[in-house]
Amino acid sequence: MHYSPTPLHIPDGFLSIYVAIVFWIVTLMLVVYALKRVNQDLGERQVPLMGVLAAAIFAGQMLNFAVAGGTSGHMLGATLATILLGPWAAILVMTCVVGVQALIFQDGGLLALGANIFNMAIIGVSVSYFAYRTVQKLAGGKPWGLYVGGFAAAWLAVFVAALATALELAISGTSPANIALPTMGAVHALIGIAEGLITIGALAFLAAVRPDLVKRNKAEVPAGRVVWLVGLVIALGLAVLSPLASSHPDGLEWVAEQQGFIGLAQSPLYEIIPDYAFPGISSEAVATIVAGLLGTTLVFVVALGLAYSRRKRSSPVES
Amino acid sequence: MDYAIKIDHLGFAYGDGHVALRDVSLAVQSGAKVALVGPNGAGKSTLMLHMNGILLPGSGSVTVCGLRVDEKALGKVRARVGLVFQDPDDQLFSPTVFDDVAFGPIYQGLGEKEVRVRVDRALASVQMCDYISRVSHHLSVGEKKRIAIATVLSMEPEILVLDEPTAGLDPRARRGLITLLRTLPQTMLISTHDLRMVAELLPRTVVMDHGEVVADRPTAEVLADTALLEAHGLEL
Amino acid sequence: MHVHFLDPYKPRPSLIHAFDPRVKLVLALAFILAVALTPIGAWPVYVLLFAVIVSVVMLSELGVGYVLKRSALALPFVLAAVPILFTAQGVPLLAVPVGPWTLTITVEGLQRFITILLKSWLSIQMAIVLAASTPFPQLLVAMRAVRMPRLIVAVVGLMWRYLFVMVDEVLRLLRARTARSGDPGLPGARVGGSLAWRARVTGGMAGNLLVRSFDRGERIYAAMAARGYDGEVRTFALPPIPTGQRLILGIGLAVLLLLVMLGYLV
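Since we're looking at a predicted model, the values are computed, not measured.

Q: Is there a simple way to explain the overall build of chain A in this structure?
A: Secondary structure assignment for chain A yields 12 helices and two strands. Tracing chain A from N to C terminus, the helices and strands come up as α-α-β-β-α-α-α-α-α-α-α-α-α-α. Here chain A, with 319 residues, has 53% of them falling under the buried criterion. Considering only contacts within chain A whose residues lie at least 6 apart along the sequence, 77% involve residues at least 24 apart. In the form shown here, chain A has an accessible surface area of approximately 13900 Å², with 70% of it arising from carbon and sulfur atoms.

Okay, here's the thing in structure tokens:
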């Protein structure tokens, strides 16, 4: 089975170290809070259910199907997890899915994992939650609320997650925002339609076979102030940063320059060891050559050691 | 009389109103090996889930090893009754064979040393010692069934309750499993459609249908009663 | 049928495989962090980091080809970094005519682009070695060692166990779909139906999978409860890390720190 990576899983190297670390910290805090809520609210039956649902969502992401234009639709699953489990458990389930994708299948980087969990688990679930709940309220308990809510939630979750991804890349100085945001937005507005339709199909099946699962409306659990706060921060962040990042390719550097702390941020490292303090390495060219020699020696020694140990290992069999 | 299992007038209905058990009474002596047969939906699985309190009686009572099965006695009951489910993929939920076999003893509150001893002993009695660090997914169905039995043997139960132990096995694996079951000393209640195994292994047979016990006699008599077998959709 | 090929773990009698999983996880993360911290254009350090990863790949005996092939996984994402070639401010290097426009590649843009590529490539190789040289149960041990919450580790463990079972089910569903997707061979007939119809069918399969997981979740809960599970996740205490492994960890971290510092000097 070819496990095809989706464009929302950022690999390592594409995020600046600051962005990666900030998102790790924010994500950790939110996941820990979700853990607290899950431990309070849910019974002991939930642990095996969360494990199996995580596996199902992972497996379901392989249920790709051809969308016009060659891109493939994937079931991201955040919306379905939110409707079935409620927002807190859904965040944990999606965190596990995204985490295992990175750790085992290298789909998304490890340092970038904080941002990836943020995009797919936290944004995916909270956007789904608010969209679904809003439509449910408007529908006032009529059956179309399930489908319209499911579609809106899935589409919006994909779209907002894509915008967040583009924004993170822009702030990292990897991809200029005025190119990344519209491109990612446009592509995922299409992918989102497929996601929404798949979600409707899944909800229709569930409503027919196990209406108890969708009717008990886990997503109706009243959200705490924290969720609203997170939603607000995400919305504000998108609103403020998008235009800012669009006009300046290197958003963070631009901000740093404006605030005058770019030199400040860099100076301490230089002060520890001034750049002429390394005797013998005066120019970059020489340094590269030295590094090349050192590296080659290391690899050579390792290869030699390996060959030696292999011979030793196989010799008793031969003799 | 020393009964390992004593069920009196047990009745049970599921949340959706479906009545699964009606006035079921059954007594099994220590060390006895009893077959539980009947068509799908007869209530066999529901009855088995009552044996260690996964389901609690709607009416009547269940007593195992002198303990009445209720909320308070759950821990003690579960240590005495080993329940092995039909699908070993449900029974083996841990990453490795060791973790699965150690699960019961860990939740019994045993220390690490004792748990390791129990795991070794349980795997030895199903002849699967070499599998201790294997990953459950990579095992064959027959191997999984054996490990599934080991996961309850490690709790050193007095009673084994098995659901369809031979289902899905090829003839050789089935033979191996029957031989294994013969060597185990525990009181056994086995739910099955495999009447040839019943004839070979279990001296007493209980027939269930529509949530009721319709016959409870020596196996040879039940298997000779063609009218009874036919009436309840059983075939030798 | 079993999906073995999904499991990236490859057993080998190698030094890397024999590492304590906790030491391995921390060193792998430290390597990726070091790569991220190395500044743009510090080529000598990248050469050294490359030598380190090549040595690790060789020591792991996984095969350089295998790791290279898998590392291509992140390749499509490179597209996201291409615009930086043209948009970074700096000394013009090369003008590329694209239709009516001319795009100018700058030296800074090129440096930055290559640095992103290198970082990504070096990091993913380390992640591949980690996953391919460590059996999953040991990775769970390592996760616990770095203080991952127990509930998360428990869910990840269950997820891993049932991932294979679920993938088998998905493959069965897909095969059933394929078996029924006939091509009528009529000119102009749309094979496979409309997009909405296909999405609905796929959604139905996803729903099917979810219903099955609810049923399975119930059965697993019963199997756990039957063995005394009470909602709390219990495990053994982790054994101490051997002194030799601690030494390797210390040396590894020191070398990586040195490399990062070197990056800010050259």
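Let us keep going from here.
Q: Before we go on, may I ask you to explain the interface of chain C and chain A in this structure?
A: Interface extent is often summarised as the accessible area lost during association of the parts. Contact with chain C, which involves 94 residues of that partner, is made by 89 residues of chain A. Broken down residue by residue, the surface that chain C buries against chain A is led by Phe77(C), Met159(C) and Phe214(C), which jointly contribute 10%. Between chain C and chain A we count one salt bridge in total. Linking Asp215(C) and Arg210(A) is a salt bridge whose minimum nitrogen-to-oxygen distance equals 2.8 Å. Remark: the boundary between chain C and chain A carries six residue pairs in polar contact (both at pLDDT 80 or more). Elements with a minimum of two residues in the side of chain C that touches chain A: α2 (21–37), α3 (43–60), α5 (84–87), α6 (107–133), α7 (136–145), α8 (150–180), α9 (195–226) and α10 (243–265) of chain C. Among the elements that line the side of chain C that touches chain A, the one with the most residues is α9(C), at 24 residues.

Q: Before we go on, may I ask you to explain the sheet that holds strand β4 (residues 59–64) of chain B in this structure?
A: Within a sheet, neighbouring strands are paired by backbone hydrogen bonds and run either parallel or antiparallel to one another. Residue and element names in this part refer to chain B. Spatially, the four strands line up as an open sheet ordered β2-β1-β4-β5, and their pairing is antiparallel. Every interior strand has two partners, whereas the edge strands, β2 (19–29) and β5 (67–68), have only one. Bridging between strand β1 (residues 3–13) and β2 involves seven bridges; their strand directions are antiparallel. Note that in β2 the partner of phenylalanine 12 across the bridge is leucine 21. Here helix α1 (residues 44–51) sits on the sheet and contacts β1, β2 and β4; the angle it forms with β1, its principal contact strand, is near 125 degrees.

Rules and cut-offs
- Residues numbered from 1 in each chain as written.
- Chains lettered and ligands numbered in written order.
- Predicted model: local features only at pLDDT ≥ 70, side-chain atom pairs only at ≥ 80, totals over all residues.
- Heavy atoms only, no water.
- Helix = DSSP H or I, 4+ residues; strand = E, 2+ residues; numbered from the N terminus.
- Buried < 20%, exposed > 50% of the residue type's maximum accessible area, 1.4 Å probe, protein only.
- Contact = heavy atoms within 4.5 Å.
- Areas by Shrake-Rupley, 256 points an atom, 1.4 Å probe, with all protein chains shown as cover.
- Buried area = accessible area lost by both parts, 1.4 Å probe.
- Salt bridge = Lys/Arg side-chain N within 4 Å of Asp/Glu carboxyl O.
- Polar contact = N/O pair within 3.5 Å; in protein donor to acceptor, adjacent residues only side chain to side chain.
- Pairing = 2+ DSSP bridges.
- Axes fitted to C-alpha atoms, helices over the stretch in contact; angles between N-to-C directions.

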